[in-house]
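Tertiary structure, described
Here are the chains, one letter per residue:
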Amino acid sequence: MIALQTLFHAIAQAKDEETLRSHISAEMSEYFSATRCGLFFFAQISLVDKALQIALSPQHNPVARYLLERHAPVHEALVVEPKTWKLICPRADHWHVMAGPIVSNGELVGVIGLTRQQGMPAFNSQNLTDLSALCLHISTWVAMAQLQQPLLQTDRLTPREMQIASLVAQGQTNAEISAELWITENSVKQALKRMFRKLEVSSRAHMVAKLSTVSK
């Protein structure tokens, strides 16, 4: 049985997000006796993956809604009746679900999700406590990884504004950015207005061009 301290050490030693997603996800599956374990960073979820977007949608999934509102670990039994959960997620390998938040700069930037199949015991309060500790370590890893990276283009934009700028550069609309970053479309619009003022530009194209020039 893997010890919790071993997982803490593995998180601290991870060199990139891929290591977290692959090796550590496998070890967390073993620790929690889970059928599946996934670590998702919202900025990395492809808009093409509609099924995953729906699964993580706060409008569709009460577990995701709890995470978004409280930034705290949760399992399905805390937020919905068993019969209702089976209607929301009828898959036998998702009979029980537990999820924890990855937080950066006060915002939910990712999720750790674990499942158990039909016939396995439900997740309990000790599981939630242990997941909370792991989420703290992963959130700290994310913060340290951001500090170690050089500023992408300009120190005038916040990390969240740089995320939005990067998605604008990829040609995404305000609605698509809203869905990917789990913020309202109005929040995207207001952020773009602030970014335009900071960079002294008047259009999305001008902003992207200016940031590209600064980065060279």
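Here the structure is shown first, and the text comes after it.
Residues numbered from 1 in each chain as written. Predicted model: local features only at pLDDT ≥ 70, side-chain atom pairs only at ≥ 80, totals over all residues. Heavy atoms only, no water.

**Section: the sheet that holds strand β2 (residues 74-75)**
- The four strands lie next to each other as β1-β4-β3-β2, forming an open sheet whose pairing is antiparallel. Of all the strands in the sheet, the pair left with one neighbour each is β1 (36-41) and β2.
- Of the strand pairs in this sheet, β1 and strand β4 (residues 107-116) are connected by six bridges, and their pairing is antiparallel. Bridging across to β4, L39 finds its partner in I112.
- Sheet strands in contact with helix α4 (residues 62-70) are β2, β3 (96-104) and β4, and its direction is about 25 degrees off that of β3. (Pairing = 2+ DSSP bridges. Helix = DSSP H or I, 4+ residues; strand = E, 2+ residues; numbered from the N terminus. Contact = heavy atoms within 4.5 Å. Axes fitted to C-alpha atoms, helices over the stretch in contact; angles between N-to-C directions.)

**So, the nonpolar core**
- Among the nonpolar cores identified, the biggest contains 30 residues, and M28, F32, I112 and L114 are the most heavily contacted of them.
- With eight residues, the single largest contributor to this core is helix α6 (residues 125-148).
- Once residues lying within four places of it in the same chain are set aside, the contact partners of I112 are M28, C37, G38, L39, M98, A99, G100, I102, L131, C135 and I138.
- Among the nonpolar cores identified, the runner-up in size contains 17 residues, and I164, V201, M207 and L211 belong to it. (Core = buried A, V, L, I, M, F, W, Y, C linked by side-chain atoms within 4.5 Å. Buried < 20%, exposed > 50% of the residue type's maximum accessible area, 1.4 Å probe, protein only.)

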